[in-house]
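Breakdown of the fold
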Amino acid sequence: MILSVVIPVYNVENYLPQCIESILNQTFREIEIILVDDGSTDRSAAICDEYAEADPRVKVFHQKNTGLVGARKKGVELSSSTYITFVDSDDFIEKESYNRAFDSMKEGIDVICFGITRYYENGKAPKADHSLFDEKIYKKTDMLQEIVPYMIWNEKRGSFGLDPSLCIKIIKRELLTKSYKLLKEQNFYYAEDSAVIFPVIYMANSMEVKYDSYYYHRRRKDETCRPYFQDKDFFKKLYIVYNHLNDFFYDNPALIKQIEQFFMYSVNLRKRAYGEDYEKIEHLFPFDKIEKGRRIVLYGAGKLGKTYYHQLRQISYCEVVLWVDKNYQKFKNYGVSSIEEINKVTYDKIVVAIESADVAQAVQAYLIKKGIQEQDIILACRK
């Protein structure tokens, strides 16, 4: 068998038959379909069993609810093919979808990327999107020069450089297995694709970009705000993804910056849970330099300092034991204190939140002169 199609299933009885049949009706027949029933409480589990009884290419695995990451990972573990792809259980694909990738699979290309069509239940015309990268085959050297440095976040567009969706990728099983093994935690939903695909692309030796849009991603009528944005633990789970990607790409400054930009964008999406519009965040607290749970003194109550303070309050990443500024009188309404108060509190690090590098370094010199150790001072200047 050359291709396994993994379908995580959870309470989608109204959409599941169309999804499964769109795969069974493929002109490309060398496939196995792995249905991972992730603890469904509607008729989804029974529907899975019915299709498995009717077609030997369909396998079903029933498990307690673990979430999308756990369901997809289980599907990868159960697969037996050279390549794996995914289909979400409320989506569907065109009849010739996998036939279009057959030649690429025969050539042994590690990752094959397609476009995607947004299918709207409200009657809005479908919209097809394809990759921002050129349509061609990339070898390892080309990938490192043309794909990897720009794949996570495109700052100008305010979106991914490479669409991370696993559903529009056909990937060698060995690469997916490695990537899922790298995940230390799986209790998250938002950005699950990003946590898996970007390490895959970095480890791959070849990749093909096709502009074909064969995959239909269903946008439901009731999908005004997706459930993961309303999750009270959204920030905690988002940090799992941030930390995972940051650890994997720790020695690549360009990608670390892109990871931070993606994180800033994602933090702001939480506003959707409260019916608020997206607003771009310009700066991100230096999470990579300070361990979670540390007590910090925040130095600076300007634009950067306020941004960091509000981020920390939202995420509860560090405890701000003191917020100081040279001109603290201007910011008393924010709870900002005099610099002299630093000697009266117990802290782990002082974060100098000043945009100008020259001014930040002057503050650092001042603090050192006051007897504070240099290793306890974190400069978070941006220019």
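The structure this text deals with has already been given above.
One structure accompanies this document, and this report is about it.

Counting its secondary structure elements, the chain contains 12 helices and 16 strands. Its C-alpha atoms put the chain at 75 × 45 × 35 Å along the principal axes. Here the chain holds 383 residues, and 51% of them are scored as buried. Taking as baseline every contact in the chain between residues at least 6 positions apart, the subset at least 24 positions apart corresponds to 77%. Counting 55 positive and 56 negative side-chain charges, the chain places the centres of these two groups 5 Å from one another.

Attention shifts here to empty space enclosed by the protein. In this approach, a probe sized like a water molecule rolls over the atoms, and the result shows the empty space that is left. Here the structure, examined in full by the defined rule, presents 1 cavity of 30 Å³ or more. The computed volume of the largest cavity comes to approximately 40 Å³. If you go around the largest cavity, the residues you meet are Phe235, Lys236, Tyr239, Lys292, Ile315, Ser316 and Tyr317. For the lining of the largest cavity, the element with the most residues is helix α9 (residues 234-248), which contributes 3 residues. Looking at the lining of the largest cavity, its residues break down into 4 nonpolar, 1 polar and 2 charged.

The geometry of an aromatic ring pair is captured by the separation of the ring centres together with the interplanar angle, meaning the angle of the planes. Enumeration over the complete set of coordinates arrives at 26 aromatic pairs. Seen in terms of ring centroids, Phe28 and Phe102 are 5.2 Å apart; in terms of plane orientation they differ by 45°. Their pairing is tilted. Linking Phe28 in the loop between α1 (16-24) and β2 (31-38) with Phe102 in helix α4 (residues 102-106), this pair joins segments that are 74 residues apart in sequence. By relative accessible area, Phe28 is classed as buried at 5%. Taking the relative accessible area as the measure of exposure, Phe102 reaches 23% and is therefore partly exposed.

It is worth spelling out helix α10 (residues 253-269) at this point. Given a rise of 1.5 Å per residue, 17 residues ought to cover 24 Å, and the 25 Å separating the end C-alpha atoms of α10 matches this to within 8%. The buried fraction of α10 is high, at 13 of 17 residues.

Cut-offs applied
- Residues numbered from 1 in each chain as written.
- Predicted model: local features only at pLDDT ≥ 70, side-chain atom pairs only at ≥ 80, totals over all residues.
- Heavy atoms only, no water.
- Helix = DSSP H or I, 4+ residues; strand = E, 2+ residues; numbered from the N terminus.
- Buried < 20%, exposed > 50% of the residue type's maximum accessible area, 1.4 Å probe, protein only.
- Contact = heavy atoms within 4.5 Å.
- Lys, Arg positive; Asp, Glu negative; His and termini not counted.
- Charge placed at Lys NZ, Arg CZ, Asp CG, Glu CD.
- 1 Å grid on protein atoms, 1.4 Å probe; cavity = no way out; pocket = protein on both sides within 12 Å on 5 of 7 lines; lining within 4 Å.
- Points joined across faces, edges and corners; volume = space filled by probe spheres on them.
- Nonpolar A, V, L, I, M, F, W, Y, C, P; charged D, E, K, R; others polar.
- Phe/Tyr/Trp six-rings, centres within 6.5 Å; stacked < 30°, edge-to-face > 60°.
- Expected span 1.5 Å × (residues − 1).

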